[in-house]
Amino acid sequence: MDETTKSSLKAIPLCKTKAGPRDGDLWMERLKEEYEAIIAAVQNNKTSDRDWFKLEANERGTKWFGKCWYFHNMVKYEFDVEFDIPITYPVTAPEIALPELDGKTAKMYRGGKICLSEHFKPLWARNTPKFGIAHAFALGLGPWMAVEIPDLIEKGIIQPKA
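Treat the numbers as computed from the prediction; the structure is a model and nothing was measured.

Novice: Tell me what's going on with the packing of aromatic side chains, and back it up with residues and numbers.
Specialist: We describe a pair of aromatic rings using the distance from one ring centre to the other and the angle between the two ring planes. Counted according to the given criterion, the structure contains 10 aromatic pairs. With 6.0 Å between their ring centres and 5° between their planes, Trp64 and Phe83 make a pair best called stacked. Here the residue Trp64 occupies a position in strand β2 (residues 63-72), and Phe83 occupies one in strand β3 (residues 75-84), the gap between them amounting to 19 residues. On the numbers, 5.9 Å between centres and 45° between planes, the contact of Tyr89 with Trp124 is tilted. Pair noted here: Tyr89 is in the loop between β3 and β4 (108-109) and Trp124 is in helix α3 (residues 120-126), with a separation of 35 residues, a long-range link. A relative accessible area of 3% means that Tyr89 is categorised as buried. Residue Trp124 is classed as buried on the basis of its relative accessible area, which comes to 2%.

Written out as structure tokens, the structure reads:
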């Protein structure tokens, strides 16, 4: 892990509450921790001029959606991002999807879910319940985009939006 990733990861607060969507008031406490971590990550990214995603959730915090973007050769590529919180969360990491890229790379599952199994899921498992959504973005989606998006651009598979 490079020093930039380590420093941005240290700036994301760890979650303390081990609770999922079926855990009532404990889930609400966990959700509060999730929002605090996401806000810290976004603020840190903006401060270091590395802002790359925006998220919001439904009222119960079980369905998340937003935008993520990647700059390549000074051109912005923007994508819808979405995921549901699994019932077994935080033991199970969310499956983050970029639906419009579905079928455009081998490192993706049906529905545009990005492949995180080899590198990220073991890290998530070792850090349950401390890791949350912000960590999944910092250590999962971010590195995935850094590898996959330039490749898709160079192959002419994706184009910037007008």
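Novice: Can you lay out the nonpolar core for me, pointing to particular residues and giving the numbers?
Specialist: Within the largest apolar cluster, 45 residues are counted, with the highest numbers of intra-cluster contacts made by Phe137, Leu141 and Ile149. Listed by contribution, the elements that provide at least two residues to this core are α2 (25-47), β1 (53-57), β2, β3, α3 and α4 (133-154). Looking at this core, the element that brings in the most residues is α4, giving 11 residues. The contact partners of Ile149, leaving out residues within four places of it in the chain, are Tyr70, Phe79, Leu101, Trp144 and Ile158.

Reading guide: rules and limits
Residues numbered from 1 in each chain as written. Predicted model: local features only at pLDDT ≥ 70, side-chain atom pairs only at ≥ 80, totals over all residues. Heavy atoms only, no water. Phe/Tyr/Trp six-rings, centres within 6.5 Å; stacked < 30°, edge-to-face > 60°. Helix = DSSP H or I, 4+ residues; strand = E, 2+ residues; numbered from the N terminus. Buried < 20%, exposed > 50% of the residue type's maximum accessible area, 1.4 Å probe, protein only. Core = buried A, V, L, I, M, F, W, Y, C linked by side-chain atoms within 4.5 Å. Contact = heavy atoms within 4.5 Å.

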